[in-house]
Structures are given as structure tokens and as C-alpha cells.
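# Fold and geometry: a report
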Number of protein chains: 2
Amino acid sequence: MGLPLDENQAVTLSTAAQAFLRAAPAIRLPQFLYRFLTRPAKVAGIRAQFQAGEDKVEEALIKQHGLRLERLVVAGVPVLVITPPRVADDMRDVVVLNIHGGGFVMGTARDRTALLTAAEMRVPVWSIDYDLAPEAKFPLAIHQCLAVYKAMAATRDARRIVGVSSSSGGQLILAMLQIAHADLVALPGALVLYTPASDISGAGDSVRANDGRDVVPFRMSLALLEQNYLDGADPLDPRVSPLYADYPATFPPTVISTGTRDLLLSNSTRLYWKLRAAGVTSELLVTEGGWHGHNWEPELDEGKRMRAAVYEFVRAQMATRS
Amino acid sequence: MGLPLDENQAVTLSTAAQAFLRAAPAIRLPQFLYRFLTRPAKVAGIRAQFQAGEDKVEEALIKQHGLRLERLVVAGVPVLVITPPRVADDMRDVVVLNIHGGGFVMGTARDRTALLTAAEMRVPVWSIDYDLAPEAKFPLAIHQCLAVYKAMAATRDARRIVGVSSSSGGQLILAMLQIAHADLVALPGALVLYTPASDISGAGDSVRANDGRDVVPFRMSLALLEQNYLDGADPLDPRVSPLYADYPATFPPTVISTGTRDLLLSNSTRLYWKLRAAGVTSELLVTEGGWHGHNWEPELDEGKRMRAAVYEFVRAQMATRS
């Protein structure tokens, strides 16, 4: 029980982060068991268990911050609009497009990041309830996200849209924006990628180095994707792993959040250099000891610090572009 | 033989980086042997062996780039001045102060970083030959670096000095600038910290996570410092581990270079957040699969990319301050 954490590691973390890592289950199973546990028939159970935990956190956040939730259907896709009690002055004409995470198989538009962004940045958030795998396979969710984005960009200045995504939502938003760009649709004014699944082929230094140190076992997440989402698609295809796509210099300024324990540290780092090489304004933020998703812990010091830095990046971009 | 490198990790690295890691010795010894191998009587041998390898690289760099080397004594301290054949137009009134690495016990002012900086940024470099441990212990080298810096700042606009350091040189430059600031000496215009030893207490996520994956075993470096440099000083003292110091908002804009394999990834990351919280302009650059010192490999793609990003940061700072 508990992820590895020695004294040298503990002293650099908040007390709550230490407690989180010590309480996190350390799962180490043979590959055939990961495959068994993540096959399509198991997903309903995984999803229900995950959502039961999230529901409590989400409802508490809604209450604490007095958020208003409203369901829309945009371009045929369900969208949850989350509005804070008071929109910040510098966010009056800004809207966030949020794509939640959950390995393509779980999670909802009411995810923590959508709620925290609305509450803490004081900005309206449109969060997409795309169809989940295994019922919907690659690339359906990408096209749903694209349809919503196109509808939003058609009725407002796209530069006042901020794209926000978490984990697998990073794959969706990056893949969707590739198509939008090819379709000559104007791109958002800024992009936030919390621990993005920009490469789902399994490449990277951190997937090996942080396996067993992060909250999700690497090979379990690969088995989950392969059996439920990919539907035989090639993970090295740039439409599947957008890290391999070409980025135009006009791609939105992008801030990427990760941590030293994150399985997706390499995904984050590699994407940073790729965007930088393309001439895109980008910032990589790395939390000491930060695991996959430390950023969406509402009260964790490390999470709050990360989100504050992300909001600062977004506000600076919105200010230079207004 | 060779540091751990699986297929998923290899595909994200340059061919030369893969070869480097596969050829690097993987040393795993019991602690008493690390202590034995790093006691003061062994240092002369370590130093000679290290320098024999470096001499070849350094001489090749001098020849390749046509660098001119001149020895000065500044405030009683030997300084090596390295001048490129042609100084860049935007660097005409800029001078780099370089503090080399080598765990306080080895290395010279003619280190790769001094030479590469002079050649690639096309700027004059003043590199300090501070006294090494165990002959000179904490805090002598700090005071030597301070004396040179004060002499330089006395005869020119300090904002046109760029501090550059590698590894243990990061401890020296950060500790030295703390004293300079307390002494009301103007601070440099920019600071470059290649994989800085900002905390030599052994704290951090990466010292454990990257132990056995990086080029130096963590416990060997701790034994080396403790037996040769510290002389009983408390590693948690902010004058010893400058990560624990307070930074003024007027501290120089700082760029920090590290990598996902670097033992000092956590040192780098933590310092970034510390400076940011103090209101200091700072940038953290993380190379995928980058080990401690990948940045000073002259021909390695990952090293060249890192140095180019560092130079870009420095040039931008010099441009805004001229």
C-alpha cells in the first residue's frame, strides 16, 4: 500500500501530497491481468467506481463556489455550461472550452478541471460530454469536440476562446485543433494542457521511469486504450498521437502542466519542445513530486500553485490579444 | 554496462543520446564503497582521470571555434578569459561570468560550458578558477567567486554581466549572489543555471527516482561532498543550499536547464518555483531523457537544442535591459 516515497522525497512535498502518495494504491500486476481488468466488459464497472468518487468532489465544488450548471446541445453534442457567480472583469468576453480526461472511457463534462477553472478563473466554461469508449471509438469523440468548437468559433472571436483539457482530453483537443486548422477555422487564443496524452503509443522516458511511482500503472493505461478506444488505429499516426503532427506557428500559445512523477512528463516535455520549435509560445510547468493529475486536487498546495500559474499564463495571453 | 534504456525510452532520443546512455557505466555499489572511493585521498586520482577526458574535448573546442584564451588575476583569483573570433553585435558590451562544475573537487575554468558559451553566443567569457576541495573547503570558493564578481561589477554595468554556471557551480553562483545582494552590490542582468546543485542536502524526488538512471550515482555525490567540501557545514543552511534562501524580486532573470533523467531535476524544478514565487522572471527547460550535463555535450542534438534555448533567453533579457 502506498506509492514509493522516501525521506528525501517527502521533505520537498506538502503534507497533503505526502499523505496522498502514501494512501495511493500501488498496483503491480502481470500484463494479462491488466488486459483482463480493462477489457470492454469491465469498463462499466470502472466508470461507475470512478464516478462515485468524483461525484462527491464535484458536488462539493459546485456548492462551495456557487457555480451554475446548464445543459446545452451544441451541434448535436451535449455541452455543460458552468458559470461562476461573478465573471472576472478581464474574462467578460472569454469562454473556456473544456475537454475532460478519463482515458477515453470515463469521466464527464462536469470534471474537476471544468469546475475549478470556472470557479478560480471566474470565467464561463463550456465542457463537452463527448461519447465514451468502448461504445464510441476513435475518432468519434474528436469529431464531436470539433463540431462544438466550430459552432463556438462561428459565433464569436475564436481568439477569446481558451481550450482546456486534461490527460486524454489533451489528445482530443490537439487532434481536433489539427482538423480545425486544416479546415481553415480560426484557432483559440490560448490552450491549457493538463498532463496531456499527446502521444499514446507508449513512447517516452517517463512512462518507464515513473511506472510504479505514479497513480496509474503504465501498462494498464495502454491496455485500456488499446482494447477500448483505438479500434486498431495506429498510435503513431499524428491524428491518434498528436505529438507527431506538424504545428503551425499560428497555433495557440500553450501552457502544459506536469510533474516529476507524472507518467506523462515525457509527453508534456516533448510537446513543449515541438511547439517551441514551431515558433509557438509555450510554457512547461513541472511540479516537484507531482503525479498525473496533482493539478486537479482542489485543496492540494501543489495543485493550487500549478493552477495559479496556468491561469496567469492564460490571463497574459488574453491581455495581449484583446 | 549501460544505463537502463528500453525501447519506449529510446525512440524519443537522438541516436547519439541513445549511444551515450548505452555506453555510460552503471555503477551500483554499497554506501561504504562510495565513501571509500570519494575520500580526500582519492580526489587527486578522480580529478586527473576526469581532466584527461575533458582536456581532449576542450582542446578540440578551442581549435574548432578559434577561441582565444588569456589568464588574468582578478581580486587575487585566477580567471580565464575566453574570447571568440567575432563578438556578436548584440553582445558587444556583455560579459559572461562562468563558474564551472565538478562537484567542488574537479574541473577547471576552461570547462566545456565556458568554451561553448563563448563560441556559440559569441560573447567574452570570464571563467573563475576557484580553489577546489578538499584543499579548499566551504565557503572559500564562494568568497573567491564573490571577489571576482565584485571586481567585475565595479568597472561596468552589472546588468550587462550574465552569470553562467554548471552543477556545483550553481551552488557557488547562487550563494555568491546572495552575499552580493546583502552587500548592496548590483546583480547581473541574467543568470544561467545548467543543472544547478541548488540543494545539496539530498532532498528531492529526482535524486531517488533518477538514481541508477543518471550518469552519477546519487549517494556517491553526497559522499564526495560531505567528505571533501562541506567541512561540517549544515546542508540545510541557505548559504550551503541556496534553494533555502530568500530571493528578492530584483534577482536576475534566470533560466534553468535540466532533463527528465537528471538527478538534479528536482533541484531545478524547486528552484524555478521558488524564484517564480519571489516574482523573478524564470524559465525551466527540461530535456526529454536528458541526464545530468547532457547540455554540455558539444554535438548532441539534445545539448544543442538546450543551449540554443538558453541563449535565446539570455539574448531576450539583454535586449530588454539595454
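Residues numbered from 1 in each chain as written. Chains lettered and ligands numbered in written order. Predicted model: local features only at pLDDT ≥ 70, side-chain atom pairs only at ≥ 80, totals over all residues. Heavy atoms only, no water.

Another aspect to go through is the sheet that holds strand β5 (residues 161-166) of chain B. Residues and elements named next belong to chain B. Strand order across the open sheet formed by eight strands is β1-β2-β4-β3-β5-β6-β7-β8, with mixed pairing between neighbours. One side of each edge strand has no neighbouring strand; the edge strands of this open sheet are β1 (68-74) and β8 (282-287). Adjacent strand axes in the sheet meet at a mean angle of 20° when their direction is disregarded. As judged from the five bridges shared by β5 and strand β6 (residues 190-194), these two strands associate in the parallel manner. (Pairing = 2+ DSSP bridges. Helix = DSSP H or I, 4+ residues; strand = E, 2+ residues; numbered from the N terminus. Axes fitted to C-alpha atoms, helices over the stretch in contact; angles between N-to-C directions.)

Of the residues making up helix α9 (residues 218-230) of chain A, those classed as buried are A:F218, A:A223, A:L224, A:L225, A:Q227, A:N228, A:Y229 and A:L230. The inward-facing, buried residues of α9(A) contact α3 (31-37), α4 (40-65), α6 (140-154), α7 (168-182) and α8 (205-209) of chain A together with α1 (7-10) of chain B. A positive phi of about 55° marks A:D231, the residue just after α9(A). (Buried < 20%, exposed > 50% of the residue type's maximum accessible area, 1.4 Å probe, protein only. Contact = heavy atoms within 4.5 Å.)

Mean pLDDT over chain A works out to 97, with 99% of the residues at or above the 70 mark. Taken together, the chains of this predicted complex give a pTM of 0.97 and an interface ipTM of 0.96. (pLDDT = per-residue confidence, 0-100.)

Residue and element names in this part refer to chain B. Between its first and last C-alpha atoms helix α10 (residues 265-277) spans 18 Å; for 13 residues at 1.5 Å apiece the expected length is 18 Å, and the two agree. Of all 13 residues in α10, 11 are buried, a share of seventy percent or more. Within α10 the residues assigned to the buried category are L265, S266, N267, S268, T269, R270, L271, Y272, W273, L275 and R276. G279 sits one or two residues past α10 and shows a positive phi near 85°. (Expected span 1.5 Å × (residues − 1).)

This next bit is on a nonpolar patch on the surface. Residues and elements named next belong to chain A. A surface patch of nonpolar side chains, about 280 Å² in accessible area, is lined by I27, L29, F36 and L37. Within the secondary structure layout, L29 lies in the loop between α2 (15-23) and α3. Residue classification places L29 among the partly exposed positions, given a relative accessible area of 31%. (Patch = residues over 30% accessible without salt bridge, like charges linked within 9 Å, V, L, I, M, F, W, Y side chains within 5 Å. Areas by Shrake-Rupley, 256 points an atom, 1.4 Å probe, with all protein chains shown as cover. Salt bridge = Lys/Arg side-chain N within 4 Å of Asp/Glu carboxyl O.)

What follows is about the interface of chain A and chain B. If you look at the interface, chain A gives 35 residues, while chain B gives 35 residues. Taking both partners together, chain A and chain B bury about 2,900 Å²; carbon and sulfur atoms supply 52% of that area. For the pair chain A and chain B, the number of links is 10 salt bridges. The residue A:R276 makes a salt bridge to B:E283 at a minimum N-O spacing of 3.2 Å. Tallying contributions element by element places helix α10 (residues 265-277) of chain A first for the side of chain A that touches chain B, with seven residues. Here the residues of the side of chain A that touches chain B sort into 13 nonpolar, 10 polar and 12 charged. (Buried area = accessible area lost by both parts, 1.4 Å probe. Nonpolar A, V, L, I, M, F, W, Y, C, P; charged D, E, K, R; others polar.)

Laying chain A over chain B is done by rotating through 180° and shifting 0.0 Å along the axis; what remains is an RMSD of 0.0 Å. Such values leave the two copies arranged in the relation of a two-fold axis. (Least-squares fit on C-alpha atoms with pLDDT ≥ 70 in both.)

A full pass over the atoms with the stated rule returns two cavities of 30 Å³ or more. The computed volume of the largest cavity comes to approximately 80 Å³. Taken together, 14 residues form the lining of the largest cavity, with A:N210, A:T260, B:N210, B:R213 and B:T260 sitting closest to its centre. For the lining of the largest cavity, the secondary-structure elements that each account for two or more residues are α8 of chain A together with α8 (205-209) of chain B. (1 Å grid on protein atoms, 1.4 Å probe; cavity = no way out; pocket = protein on both sides within 12 Å on 5 of 7 lines; lining within 4 Å. Points joined across faces, edges and corners; volume = space filled by probe spheres on them.)

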